[in-house]
Amino acid sequence: MIGARSRVAVIFGASLIALSLFGTTAQADDKAKLSLSATVSAEYQQDQIQLVFTALTEADDSGAANAQLIRSLNDAQKRLGKPDGVSISSGATQIYPVYGQKNEPTMWRGRGELVLDSLDILAASQAADKLTGLLALSRVNFSLSDQARREAHLLLTARAAKAFREKADMTAKAFGYEKYDIISLEMTDSGEMVGIRPMLMGRMASADAISTPALDLQPGQESVSVTVSGWVQLR
């Protein structure tokens, strides 16, 4: 369960409270309405990683640049093989000219990406180590997986609904009413990334080899919130 490491916050202070009275005094009890909102948020450990590696090439013509780029990407995929728990796909690929003073192409450059996605951060790190010296690591993205986000929303929705009902009950009694009826409801959710920490750690050097930096991938926390808002009628 993803909730084990979450820290939940219920926000009441930012909610809007509006009391509207319509008609005569005798009708006030049937017409008093409140606009309320309650927000519940929690931080969850990110459990999904994406690594983007880049190959760069240069050649005198576009065909040679393209061939070199394809060869570099194919070599990288062969070195990776099929690591368990890691999805490998091709990213953006581009071949473009470099112009000289006479506005004519003086050379061609290629840029291609190889993308690794995984829910197993250790497996992704081990796969990334195989590409050392072959491709450049250009991006590391951490996030919550779809499954983790669904579980977070399910848990927070229940808590936000409970907070909304408690707030409606408390506010109704504060104005001298005993009960309330929910007229309308609206729910919104959001996710906010609050920490990404990709780091490079040096391996211990052996007597006959130079130490090669290894990826120590440290996921951060992601904040997920659910807000329930709506109108209630007091009675």
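What counts and how
Residues numbered from 1 in each chain as written. Predicted model: local features only at pLDDT ≥ 70, side-chain atom pairs only at ≥ 80, totals over all residues. Heavy atoms only, no water. Helix = DSSP H or I, 4+ residues; strand = E, 2+ residues; numbered from the N terminus. Buried < 20%, exposed > 50% of the residue type's maximum accessible area, 1.4 Å probe, protein only. Contact = heavy atoms within 4.5 Å. Areas by Shrake-Rupley, 256 points an atom, 1.4 Å probe, with all protein chains shown as cover. Core = buried A, V, L, I, M, F, W, Y, C linked by side-chain atoms within 4.5 Å. Polar contact = N/O pair within 3.5 Å; in protein donor to acceptor, adjacent residues only side chain to side chain. Pairing = 2+ DSSP bridges. Axes fitted to C-alpha atoms, helices over the stretch in contact; angles between N-to-C directions.

A. Molecular detail of the overall build of the protein. Helices and strands together make up the secondary structure of the protein, namely 4 helices and 11 strands. Across the 235 residues that make up the protein, the buried fraction comes to 33%. Put simply, of all contacts in the protein between residues at least 6 apart along the chain, 78% involve residues at least 24 apart. Surface summary for the protein: the accessible area is close to 14000 Å², and the carbon and sulfur share equals 51%.

B. Summary view of the nonpolar core. Ranked by internal contacts, the top residues of the largest apolar core, which has 23 residues, are Leu36, Tyr44, Leu156, Phe164, Val224, Val232 and Leu234. Listed by contribution, the elements that provide at least two residues to this core are strand S3 (33-45), helix H4 (146-174) and strand S11 (221-234). Sorting elements by how many residues they give to this core places H4 first, with 8 residues. Counting residues in hydrophobic clusters, the runner-up holds 21 residues, among them Ile49, Leu69, Leu80 and Ile121.

C. Fine view of the side chain of Ser118. Mapped onto the secondary structure, Ser118 falls in strand S6 (residues 105-118). A distance of 2.8 Å separates a polar side-chain atom of Ser118 from the backbone nitrogen of Asp120. Beyond its immediate sequence surroundings of up to four residues, Ser118 is in contact with Asp47, Gln48, Ile49, Gly85, Val86 and Ala124.

D. Spotlight on the environment of Ala64. Topologically, Ala64 is positioned in helix H2 (residues 62-80). Between the C-alpha atom of Ala64 and that of Trp108, which follows or precedes it by 44 residues, the distance is 8.4 Å.

E. Just the sheet that holds S6, in detail. The strand order across the open sheet built from 4 strands is S5-S6-S4-S7, with neighbouring strands paired in antiparallel fashion. Edge positions in the open sheet fall to strand S5 (86-99) and strand S7 (136-143), since each of these has one partner strand only. The sheet shows a mean angle of 15° between the axes of neighbouring strands, direction not considered. Here 12 bridges tie S5 to S6, and the two strands are oriented antiparallel to one another. Across the sheet, the residue bridging to Ile95 is Gly110, located in S6.

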